[in-house]
Amino acid sequence: MDALLGLMDNLTDPDWIVAHGGLYLLLFIIFAETGIMIGFFLPGDPILFIAGIIISNMSVAPGQEIPLLLYWILLIALAAIAGNFVGYWCGKLFGNRILNMKESWLFRREYIYKAQEFYEKQGGVAIILARFLPIVRTFAPIVAGIVGMDFKKFIVFNILGAFLWSGSLVTLGFVLGENQWVQKNLELVIFLIVAAATAPVIIKAISGRGKARPTGDA
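In what follows, the accompanying structure is described. Remember, it's a predicted structure, so these values are computed and weren't measured experimentally.

## Structural notes on empty space enclosed by the protein
Thought 1: In the structure shown here, the tally under the stated rule is 1 cavity of 30 Å³ or more.
Thought 2: For the largest cavity, the calculated volume is near 30 Å³.
Thought 3: Every residue along the wall of the largest cavity is listed here: Asn84, Ile127, Ala130, Arg131, Arg137, Ala140 and Pro141.
Thought 4: Here the lining of the largest cavity gets 3 residues from one element, more than from any other, and that element is helix 8 (residues 136-146).
Thought 5: Taken together, the residues that form the lining of the largest cavity break down as 4 nonpolar, 1 polar and 2 charged.

As structure tokens, this is what we get:
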């Protein structure tokens with residue numbers, strides 16, 4: 001557990017990430033967090049923001065900053081898309097086995113049920129919204145596979161969600177990456193980024209639930 005906590009601390013350190021794989025490490029984390037069940041604990045939102053910070057501090061020729069930013073966003077989005085495809089097919093092929101898995105600290109059946117509830121309320125758009133919700137984004141594509149969501153529809157929402165998620169957070173990190181206050185208060189900024197990314201989705205889900213309650217009263 002101590003090793004895991006140490007890893008989580010390192011994954012919010014841009015210098016550590018650059019020294020241990022850089023872009024390749026980022027791509028693996030995004031792929032794992034968006035499609036492999038045991039990757040649900042990985043910090044996807046902070047990783048995207050930090051990716052933007054890394055880009056902003058790279059030494060590149062004048063005029064190459066934006067092409068480099070777009071290149072990283074493209075690769076990160078592709079990793080997120082691939083991760084969701086893996087999750088979808090795992091859900092489709094092994095749905096019953098997944099639901100009957102023995103629970104452990106790495107897997108809780110409630111994660112699946114929460115993702116399923118979120119998916120049923122939001123429909124296909126849940127694949128996009130789930131990108132901005134930790135844990136839910138890992139299990140949403142798995143649930144989509146379990147319930148047999150139309151694959152063509154899944155492709156569209158998967159691609160849109162990946163580019164919206166990666167594009168927005170990486171660009172934000174790129175814009176703020178050279179700010180001294182941001183660099184000195186990175187943990188606080190990351191917390192605020194995660195809160196800002198998840199709040200609209202949570203508020204929408206809660207408000208939707210509140211509107212549905214009166215229909216059940218006699």
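Don't stop here, the text continues.
## Focus on the pattern of salt bridges
Thought 1: Across all of its chains, the model carries 2 salt bridges by this definition.
Thought 2: A salt bridge links Arg137 to Glu33; its shortest N-O distance comes to 2.8 Å. You can see Arg137 sitting in helix 8 and its partner Glu33 sitting in helix 3 (residues 23-35), a full 104 residues away along the chain.
Thought 3: Asp45 is the salt-bridge partner of Arg137, the closest N and O atoms lying 3.4 Å from each other. Here the residue Arg137 occupies a position in helix 8, and Asp45 occupies one in helix 4 (residues 44-56), the gap between them amounting to 92 residues.
Thought 4: The buried category is assigned to Arg137, whose relative accessible area is 3%.
Thought 5: Exposure remark for Asp45: the relative accessible area of 1% places this residue in the buried category.

## Quick word on unusual backbone geometry
Thought 1: Of note, Ile135 is a non-glycine position whose phi angle comes to about 70 degrees, a positive value.
Thought 2: Locating Ile135 in the fold gives a position in the loop between helix 7 (126-129) and helix 8.

## Looking at the side chain of Thr34
Thought 1: Tracing the backbone shows Thr34 in helix 3.
Thought 2: Judged by relative accessible area, Thr34 falls into the buried class, the value being 0%.
Thought 3: Polar side-chain contacts of Thr34 include one of 2.7 Å to the backbone oxygen of Ile30.
Thought 4: A polar contact is formed between the side chain of Thr34 and the backbone oxygen of Phe31, at a distance of 3.4 Å.
Thought 5: Excluding its chain neighbours within four sequence positions, the residues that come into contact with Thr34 are Ala79, Ala80, Gly83, Asn84, Arg131, Arg137, Thr138, Pro141 and Trp165.

## With respect to the packing of helix 5 (residues 65-99) against helix 8
Thought 1: Where helix 5 meets helix 8, the axes come as close as 6 Å, and the angle between the chain directions of the two elements is 60 degrees. Between helix 5 and helix 8, the crossing angle belongs to the class labelled oblique. By crossing handedness, the relation of helix 5 to helix 8 is classed as right-handed. Facing helix 5, whose interface residues are Asn84, Gly87, Tyr88, Gly91, Lys92, Gly95 and Ile98, helix 8 presents Arg137, Pro141, Ile142, Ala144, Gly145 and Ile146.

Parameters at a glance
- Throughout this description, residue numbers start from 1 for each chain and increase along the sequence as written.
- In keeping with the model being predicted, local features are shown solely for residues with a pLDDT of at least 70 and side-chain atom pairs are shown and tallied solely at 80 or more, while totals for entire chains, interfaces and linings include all residues.
- Heavy atoms from the whole structure form the basis of all side-chain values; hydrogens and water molecules are not counted.
- Space inside and on the surface of the protein is sampled on a 1 Å grid over the protein atoms alone, with a cavity defined as a set of points where a 1.4 Å probe fits but cannot get out and a pocket as an open set with protein on both sides within 12 Å along at least 5 of 7 lines; lining residues have an atom within 4 Å of a point.
- Grid points are joined across faces, edges and corners, and a volume is the space filled by probe spheres set on the points.
- Secondary structure elements follow DSSP: runs of H or I of four or more residues count as helices, runs of E of two or more count as strands, with numbering from the N terminus.
- For this classification, the nonpolar set comprises Ala, Val, Leu, Ile, Met, Phe, Trp, Tyr, Cys and Pro, the charged set comprises Asp, Glu, Lys and Arg, and every other residue, Gly included, is treated as polar.
- Any Lys or Arg side-chain nitrogen found within 4 Å of a carboxyl oxygen on Asp or Glu counts as a salt bridge.
- Each residue is assigned to one of three classes by its accessible area relative to the maximum for its type, calculated with a 1.4 Å probe on protein chains only: buried under 20%, partly exposed between the two thresholds, exposed over 50%.
- Pairing of N or O atoms within 3.5 Å defines a polar contact, subject to two protein rules: one partner must be a possible hydrogen donor and the other a possible acceptor, and residues neighboring in sequence count only if both atoms are side-chain atoms.
- Should any heavy atoms of two residues lie within 4.5 Å, those residues are considered in contact.
- Here an angle of 0 to 180 degrees is reported between the N-to-C directions of two axes, which are lines fitted to C-alpha atoms, with helices fitted over the stretch in contact.
- Oblique is the label for any angle not under 35 degrees, not over 145, and not in the 65 to 115 range, which are roughly parallel, roughly antiparallel and roughly perpendicular in turn.
- Here a crossing is taken to be left-handed if its near helix is turned anticlockwise relative to the far helix by less than a right angle, and right-handed if that turn runs clockwise.

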